[in-house]
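Commentary on secondary and tertiary structure
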Amino acid sequence: MAKLDARTTPAEKRAKPSRRARSRRIVHLVLFLTAAAIVVDALAGDRGLLAMLRVRREYRELAATVARDRAENARLAEQARRLREDPAAVEEVARRELGLIKPGEKVFIIKDASPARH
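Residues numbered from 1 in each chain as written. Predicted model: local features only at pLDDT ≥ 70, side-chain atom pairs only at ≥ 80, totals over all residues. Heavy atoms only, no water.

Under the definition given, this model contains eleven salt bridges. The salt bridge involving Arg82 is made with Glu92; its shortest N-O contact spans 3.6 Å. Of this pair, Arg82 sits in helix α3 (residues 49-85) while Glu92 sits in helix α4 (residues 87-98), and the two are ten residues apart along the sequence. The exposure class of Arg82 is partly exposed, given its relative accessible area of 31%. Measuring nitrogen to oxygen at the nearest pair gives 3.5 Å for the salt bridge that ties Lys102 to Glu91. Here Glu91 lies in helix α4 and Lys102 lies in the segment after α4, a separation of eleven residues in the sequence. Residue Glu91 is classed as partly exposed on the basis of its relative accessible area of 33%. A network of salt bridges, in which partner residues are shared, links Arg82, Glu92, Arg96 and Glu97. (Salt bridge = Lys/Arg side-chain N within 4 Å of Asp/Glu carboxyl O. Helix = DSSP H or I, 4+ residues; strand = E, 2+ residues; numbered from the N terminus. Buried < 20%, exposed > 50% of the residue type's maximum accessible area, 1.4 Å probe, protein only.)

Here you go:
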């Protein structure tokens, strides 16, 4: 046990931390700040959790876009094949998109009439 100095009271001894305690506090503070910086970087850094979640969302969106584009490409390839090989498909497009008719056919244009009121 250490003797009490006549000039310092026991309350003053408790209030004034030792050099070892101060060093320990500084080490704890440095470790805490380092851990806090690592956690913040893990969450918000370039390769952090938030960035990873954003990249995953973008990946899902792009994968959905690629799937839609592939389906559209397959549909167009099938339509192109039909137009090359099936004369009925060519006729259908000519009638629908160009409004063409065969010789001897008659065209009837029917206008929508408003419903009769009673």
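Moving on, we come to the confidence of the model for the protein chain. Any residue range with low pLDDT should be treated as having predicted coordinates unsuitable for detailed reading. With 86% of its residues at a pLDDT of 70 or more, the protein chain shows a mean pLDDT of 85. No element of the protein chain has a lower mean pLDDT than helix α1 (residues 10-15), at 60, and none a higher one than α3, at 95. (pLDDT = per-residue confidence, 0-100.)

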